[in-house]
Amino acid sequence: GAEARILADEHQGTIDVLMTDIVMPDVNGRELASEIVARRPSLGVLYVSGYTEHDLIELHAGKQPSHFISKPFSMQILARKLREVLNSTRA
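Residues numbered from 1 in each chain as written. Predicted model: local features only at pLDDT ≥ 70, side-chain atom pairs only at ≥ 80, totals over all residues. Heavy atoms only, no water.

> Before we go on, may I ask you to explain the pattern of salt bridges in this structure?
Opposite charge on two side chains allows them to pair when their charged atoms are near. Taken as a whole, this structure holds four salt bridges when the rule is applied. For the salt bridge of Arg-5 with Glu-35, the shortest nitrogen-to-oxygen distance reads 2.5 Å. With Arg-5 in helix H1 (residues 2–10) and Glu-35 in helix H2 (residues 29–39), this pair connects stretches of sequence that are 30 residues apart. Relative accessible area serves as the criterion here: at 24%, Arg-5 is assigned to the partly exposed category. Glu-35 sits in the partly exposed class, given a relative accessible area of 28%. Here Lys-81 ties to Glu-84 by a salt bridge, and the two come within 3.3 Å at their closest N and O atoms. Here Lys-81 and its partner Glu-84 are both found in helix H4 (residues 75–89), three residues apart, which amounts to about one turn of the helix. (Salt bridge = Lys/Arg side-chain N within 4 Å of Asp/Glu carboxyl O. Helix = DSSP H or I, 4+ residues; strand = E, 2+ residues; numbered from the N terminus. Buried < 20%, exposed > 50% of the residue type's maximum accessible area, 1.4 Å probe, protein only.)

Here is the structure:
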């Protein structure tokens, strides 16, 4: 999380998608995404977790991630989800 913040702050170009695990040691993915999206409003976010989507809804007080992929996943599934996120930010 800390490294992602630094990279996002230092990167001069466009960042299209942030792919972040929801559960991380220093900051959770929702907090990280919220901070970075505040500075880059057009940023799409793809949440990743080994937890099921149902477990995450319970963990986060009923708030469902807008774009979510559960581990493990194939490269084809990842590519489809990333396309979904990109399409939603350009709509």
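> Just checking my understanding: could you explain unusual backbone geometry for this structure?
Negative phi characterises most residues that are not glycine, and trans characterises most peptide bonds. Between Lys-71 and the following residue, Pro-72, the backbone shows a cis peptide bond with an omega angle of -10°. With respect to the helices and strands, Pro-72 occurs in the loop between strand E3 (68–70) and H4.

> For this particular structure, what's the right way to read H4?
An α-helical turn contains 3.6 residues, so a residue and the one three or four places further along point in the same direction. Counted at 1.5 Å a residue, the expected span for H4 with its 15 residues is 21 Å, and the 21 Å between its end C-alpha atoms agrees. Residues of H4 that are buried: Leu-78, Lys-81, Val-85 and Leu-86. Down the axis of H4, the buried side of the element spans an arc of 135°, and every buried residue falls inside it. Summarising the geometry of H4, the exposed residues directed more than 90 degrees from the buried face are Gln-76 and Arg-80. Here the buried face of H4 lies against strand E1 (17–21), strand E2 (44–49) and E3. (Expected span 1.5 Å × (residues − 1). Arc of directions from axis to C-beta. Contact = heavy atoms within 4.5 Å.)

> Looking at this structure, how should I read the packing of aromatic side chains?
To describe a pair of aromatic rings, you give the distance between the ring centres and the angle between the ring planes. Counted by the stated rule, this structure contains zero aromatic pairs. The ring of Tyr-47 carries Arg-30 above its face, with NZ or CZ at 5.6 Å from the centroid. (Phe/Tyr/Trp six-rings, centres within 6.5 Å; stacked < 30°, edge-to-face > 60°. Lys NZ or Arg CZ within 6 Å of the ring centre and 35° of its normal.)

> Got a minute to help me understand the pairing of E1 in this structure?
Within a regular strand, the side chains alternate between the two sheet faces. Alignment of E1 against E2, held across five bridges, turns out to be parallel. Paired with Asp-21 across the two strands is Val-48, which belongs to E2. Read as a crossover between parallel neighbours, the route from E1 over H2 to E2 is right-handed. (Pairing = 2+ DSSP bridges. Right-handed = clockwise from strand over helix to strand, strands pointing away.)

> Just checking my understanding: could you explain the nonpolar core for this structure?
Residues Ala-8, Leu-18, Ile-22, Val-27, Leu-32, Ala-33, Ile-36, Leu-43, Val-45, Tyr-47 and Phe-68 constitute the largest nonpolar core, which totals 11 residues. If one sorts the elements of this core by residue count, H2 sits on top with three residues. If you look at the next biggest cluster of nonpolar residues, it comprises five residues, including Leu-46, Val-48, Leu-78 and Val-85. (Core = buried A, V, L, I, M, F, W, Y, C linked by side-chain atoms within 4.5 Å.)

By themselves, these observations are geometric and do not establish any function.
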